[in-house]
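Here is how the chains run, residue by residue.
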Amino acid sequence: MAKTQAKKKNVKSKSVPVKKRIQKKVNDRKFRTWWGMFFILLSVLFLISFSSFLSTWEQDQDILDLGWFDYIFNTHVNTENIVGKLGLFFSDIFVYQWFGVASFFFVILFFVLGLKSLGFYKKSFLNLLKNLAFIIFWTSVTVSLIFGNQNPVLGGKFGYDIHLWLKSFLGIFGESTILIITALGFLMLTIEGFNNKLKLLYDQLVSNIHLKGIKFPKFKISEKIFKEEESETVEGNEYRKKHNSKKHDIQKNEKSIIFDLNEDDGEGKIKVTEKKNYKLTDDGKKIENDFGFEIEHTNKKENISTDNKPEKIINNTDKEINKIDVEQLSLDVIENRDILSEKISDHHFVNYDPTLDLENFKLPSIDLLEDHQAGNPEVTKEELLKNKNRIVETLKHYKIEIVKIKATIGPTLTLYEIVPVPGVRISKIKNLEDDIALSLAAHGIRIIAPMPGRGTIGIEVPNEKPDIVSFKSVIKSAAFQESKMELPIALGKTISNESFVFDLAKMPHILVAGATGQGKSVGLNAMIASLLYKKHPSQLKFVMVDPKKVELTMYERLENHYLATLPDAEEPIITDNQKVIHTVNSLNIEMDNRYQLLKKAKCKNIKEYNKKFISRQLNPEKGHKYMPYIVLVIDEFADLIMTAGKEIELPIARLAQLARAIGIHLIVATQRPSTNIITGVIKANFPARVAFRVASMIDSRTILDSPGANRLIGRGDMLITQGSDLIRLQCAFIDTPELEHITEYIEHQQSYPMPFLLPEPETNDDDIPGAVDLGHRDELFNDAAKIIVMNQQGSTSLIQRKLSIGYNRAGRIVDQLEAAGIIGPSKGSKARDVFISDEYSLQDLLESLP
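Residues numbered from 1 in each chain as written. Predicted model: local features only at pLDDT ≥ 70, side-chain atom pairs only at ≥ 80, totals over all residues. Heavy atoms only, no water.

Peer 1: Any chance you could explain the overall build of the protein here in plain terms?
Peer 2: Secondary structure summary: the protein contains 31 helices and 20 strands in total. Taken across its 850 residues, the protein has 45% of its residues classed as buried. (Helix = DSSP H or I, 4+ residues; strand = E, 2+ residues; numbered from the N terminus. Buried < 20%, exposed > 50% of the residue type's maximum accessible area, 1.4 Å probe, protein only.)

So this is what it looks like as structure tokens:
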């Protein structure tokens, strides 16, 4: 009892602060929804009551003079206002007492506040509030200046009093001047490009006056404002010039670093010298033959981009925009007036920029990521010598002599390259894979015989203390930051410690396989995050399929930024297998529609088409539109094949065959790389394949067409093939908190009002139970129904066997049973659900059928 009381006291003492509770309440979706609806209804109420007050305010003045008790409770007092006494009360305060017709801007204010609470208005509400405050004040005073003597209510009592004060202090001319100057200043500060248009209009006016022989001063004040407006662009250009000149301290001709094994720093570490020859020693004793053993440490500083600040997206195809020197035009127009109109029209013809819909959107910052380790694998001299000697000793046991051996140290592996003496068969060394693994007492040994383009045989040995390759180190590398690829993906680092970046647009699809817990999900997240770090929401959309319902849920926050869904989708991440079929079919329709647009535009691929559209060579009124890339991500393909079979395999195969040219790419992952899951049709259309560690050599051959994936060490160790050679990588590690930081950063930025909508998939009437005519049932319908209910198994083959009929007739009976509500819809290879539990219920149902 004492312990429970103490716990209650601790709970009370650790109560949530009031500020946090209020903040939590404000952020609650239901709370914001109710307030959003309230403000929208209030704006409608104000609109109706203010409009009615402008025509009935004189008749209702006597009512306003009553006391508050009679005003509220006296039922004999009636008002002419449509909204009644409540509308009259608000109208009297806002319109009559305060701002007159300018009070209608409060309708806009409350309406936008409601949209903001509901999440439909993404821009800054504070900026709108400041702008409307000035507009209400300025409009009230201006209307009072113009109509105050005729109808004082139009400007409101407050506006009329301010007008009288300004009139007495400055006079009519002074008051008018102040109002005009403040209006121009407000427009210059709030409307982008207003200064340029004003200057252009002024110079055109000056040029027309010059044509008549009248001299006129140049608009120097406007020119100054024009220069101030361009200051930000100039600063951006200077930054980019400085940025390009530094090249992020890139060294194009990097020297490989060689380690001297004769020198020791006292801690068992290897000292670094450059291109220094040495003789091998082991524990102070000379060895007769060191086989020219040299070690190349690849832990050199990689080219890194030092700029971590997110930049505004710039369209690559819209880098050069012609600028007009307005003063020069003013001089040219004196000689030829037609030149001005031509150049001005050229000035307004600028390229289309799809990113302007979300012009304030910024890519995620590198600071959101973490350095999981310093990037300094501790490979000691003793470890290198021990492995080298054991490899040489094992080869000697089988009478294999070598000429040279070299070690290349990577983040998680060390590659030992050997050169055998002439006459040694490569297959003989290849067959010693297990023997070398036994002598080194290590798993994950892989022999590459021969090394492509090197004339050596490679032996990959895991390091005793492997390094973690952080996603941050790969993202900030120059290989990724300065890539000109359409869809760059930074997947990890090679054994030479270089960042591996590839273009998904050229792959064009990726098949990922690996056993549970070997890094497959981390690899998927690294691919998705790479694209989020490079592409604007207008340029890229994801369709995410997650049958496990837990792997991709964190990307729900990106619904209105990066996700594409069906029009009637309940969730942005697709988890239901039946909806996956509709979505994939919808992508096939989108593919066909895009090919029709490419055909009209006479383009071969999406890159050419978008380039034409951006340069305004395609007319949107003829159906043309900017096409974002679409990436379909499927986390567990095996579950889809097991439940949907050919219904999902065929449309995915069709996408894989045809969708490359129109910008639809697939990333398909599975943890069961068996032949019944990864069929020949799928493999033929996925030339790029990624394999994490798998259980058997058969699985490795299924995914890669060669062994090797079964000998990986796990924890992100992977092999990737693009149709020819295998490349071994250490996958970049990105943790769940990092992904949450990225998605949260994007979520709180300006977004579209809804997700990118895919076409509505076509529905086959034959698949709809209601399309079956139960008035013309099969003669064996009742018998089949009794068999199904007795066995509680909805199977076409069961009806075939029991009634001795063909498959087609049994299939029609099953459709009729589904339409009658006796069995459920098809579930692929599984039996259908039976909804009737006993024969009495079945008999009642059969009697009720027509």
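There's plenty left to go through after this.
Peer 1: Looking at this model, I keep getting lost on the side chain of E738. Mind explaining?
Peer 2: Tracing the sequence through the fold places E738 in helix α27 (residues 736-747). No salt bridge is formed by the buried E738. Its closest oppositely charged neighbour is K472, at 8.1 Å. (Lys, Arg positive; Asp, Glu negative; His and termini not counted. Salt bridge = Lys/Arg side-chain N within 4 Å of Asp/Glu carboxyl O.)

Peer 1: Would you take a moment to explain the packing of helix α23 (residues 637-644) against helix α24 (residues 646-658) for this structure?
Peer 2: Any two packed helices are characterised by how steeply their axes cross, that is the angle between the axes, and by the distance between the axes. Contact pair α23 / α24: the axes reach a minimum separation of 7 Å and the direction vectors enclose 125°. With respect to their mutual orientation, α23 and α24 come out oblique. Packed against α23, whose contacting residues are F637, L640, I641 and A644, the element α24 presents K646, E647, I648, E649 and I652 at the interface. (Axes fitted to C-alpha atoms, helices over the stretch in contact; angles between N-to-C directions. Parallel < 35°, antiparallel > 145°, perpendicular 65-115°, else oblique. Contact = heavy atoms within 4.5 Å.)

Peer 1: Quick question: what am I supposed to make of helix α17 (residues 433-440) here?
Peer 2: Side chains of residues three or four places apart in an α-helix project in the same direction, reflecting 3.6 residues per turn. The complete set of buried residues in α17 reads E433, I436, A437 and L440. Down the axis of α17, the buried side of the element spans an arc of 100°, and every buried residue falls inside it. Where α17 is buried, its residues meet α15 (381-397), α16 (426-430), β8 (446-448) and β9 (457-462). Two residues or fewer past α17, A441 is found with a positive phi of approximately 55°. (Arc of directions from axis to C-beta.)

Peer 1: Any chance you could explain the pattern of salt bridges here in plain terms?
Peer 2: Any two side chains of opposite charge can pair, on the condition that their charged atoms come close. What the rule picks out here adds up to 19 salt bridges. Where K607 meets E486, a salt bridge forms, and the shortest distance between an N and an O atom there is 3.6 Å. Here K607 is found in helix α22 (residues 606-614), whereas its partner E486 is found in the loop between α19 (478-481) and β10 (488-494), with 121 residues between them in sequence. Since its relative accessible area comes to 52%, K607 is described here as exposed. A relative accessible area of 21% places E486 in the partly exposed class. The residue K646 makes a salt bridge to E649 at a minimum N-O spacing of 3.6 Å. Here K646 pairs with E649, and both are found in helix α24, just three residues apart, close to one helical turn.

Peer 1: When you look at unusual backbone geometry in this model, what are you seeing that I'm missing?
Peer 2: Negative phi values dominate among residues other than glycine, just as trans dominates among peptide bonds. A449 connects to P450 through a cis peptide bond whose omega is -5°. Its place among the elements puts P450 in the loop between β8 and β9. Cis peptide bonds are those with omega within 30 degrees of zero, and the linkage from M507 to P508 qualifies with -5°. Among the secondary structure elements, P508 is positioned in the loop between β11 (499-503) and β12 (510-513). Phi at K549 takes a positive value of approximately 70°, unusual for a residue other than glycine. Note that K549 resides in the loop between β13 (540-545) and β14 (564-565). Positive phi, close to 55°, is recorded for R715, a residue that is not glycine. Of note, R715 is situated in the loop between α26 (697-704) and β18 (717-721). Residue classification places R715 among the exposed residues on the basis of a relative accessible area of 74%.

Peer 1: I would appreciate a short explanation of the pairing of β9 in the present structure.
Peer 2: Residues in a regular strand project their side chains so that they alternate between the two faces of the sheet. Burial within β9 is extensive, with six of its six residues counted as buried. Taking every second residue as pointing to the same face, both faces of β9 are buried, with I457, I459 and V461 on one and G458, E460 and P462 on the other. By the bridge criterion, six bridges tie strand β7 (residues 413-420) to β9 in an arrangement that is antiparallel. Bridging from a neighbouring strand, L415 pairs with E460 of β9. Across three bridges, β8 lies against β9 in antiparallel orientation. Bridge pairing in β9 links I448 to G458. (Pairing = 2+ DSSP bridges.)

Peer 1: For this particular structure, what's the right way to read the packing of α15 against α17?
Peer 2: The contact between α15 and α17 brings their axes to 9 Å, and the two run at 140°. As the angle between them shows, α15 and α17 are arranged oblique. Note on packing geometry: the crossing formed by α15 with α17 is right-handed. Of the residues in α17, those in contact with N387, R390, I391 and T394 of α15 are D435, I436, S439 and L440. (Left-handed = near helix turned anticlockwise from the far one by under 90°.)

Peer 1: Teacher, can you tell me more about the side chain of H536 here?
Peer 2: Inspection of the secondary structure puts H536 in the loop between α20 (520-532) and β13. Separated by 3.2 Å, the side chain of H536 and the backbone oxygen of L358 make a polar contact. (Polar contact = N/O pair within 3.5 Å; in protein donor to acceptor, adjacent residues only side chain to side chain.)

Peer 1: It is not clear to me how the packing of aromatic side chains should be interpreted in this structure. Could you clarify?
Peer 2: Any aromatic ring pair is given by two values, namely how distant the centres are and how the planes are angled relative to each other. Summed over all chains, the structure comprises 25 aromatic pairs. Pairing W35 with F38 gives two aromatic rings, centres 5.4 Å apart and planes at 90°, and the pair type is edge-to-face. A residue pair is termed a helical-turn pair when its members lie 3 or 4 positions apart in one helix, as W35 and F38 do in helix α3 (residues 29-56) at three residues. Note on F99 and F158: the rings are 5.5 Å apart at their centroids and 75° apart in plane angle, and the pair reads as edge-to-face. (Phe/Tyr/Trp six-rings, centres within 6.5 Å; stacked < 30°, edge-to-face > 60°.)

Peer 1: Which parts of the structure should I look at to understand the nonpolar core?
Peer 2: Proteins that are soluble and globular tend to have nonpolar side chains buried together. Ranked by internal contacts, the top residues of the largest apolar core, which has 110 residues, are F542 and Y555. Looking at this core, the element that brings in the most residues is helix α21 (residues 577-601), giving eight residues. With residues up to four places along the chain from it excluded, the contact list for F542 reads I528, L531, L532, Y562, L563, A564, V631 and V633. Listed in part, the 23 residues of the second largest apolar core include I787, L803, L817 and L842. (Core = buried A, V, L, I, M, F, W, Y, C linked by side-chain atoms within 4.5 Å.)

Peer 1: Explain the pairing of strand β15 (residues 629-634) to me, please; I cannot follow it from the model alone.
Peer 2: Here β15 lies mainly inside the structure; six of its six residues are buried. Neither face of β15 is exposed, since Y629, V631 and V633 on one face and I630, L632 and I634 on the opposite face are all buried. Examined bridge by bridge, β13 and β15 share six bridges and lie parallel to one another. Its bridge partner lying in β15, F542 is registered against V631. The pairing of β15 with strand β16 (residues 664-670) spans five bridges and is classified as parallel. Among the inter-strand pairings, L632 is bridged to a residue of β16, identified as L666.

Peer 1: Would you take a moment to explain the confidence of the model for the protein for this structure?
Peer 2: Note: predicted coordinates in regions of low pLDDT should not be interpreted at a detailed level. Averaged over every residue, the pLDDT of the protein is 77; the share at 70 or more is 74%. Mean pLDDT across the elements of the protein bottoms out in strand β2 (residues 270-273) (35) and peaks in β15 (96). Ignoring residues within four places in sequence, the model shows residues 6-14, a span with pLDDT below 50, making zero contacts including any to other chains. Taken as a whole, residues 308-348 scores under 50 in pLDDT and shows 53 contacts with residues more than four places along the chain or in a different chain. (pLDDT = per-residue confidence, 0-100.)

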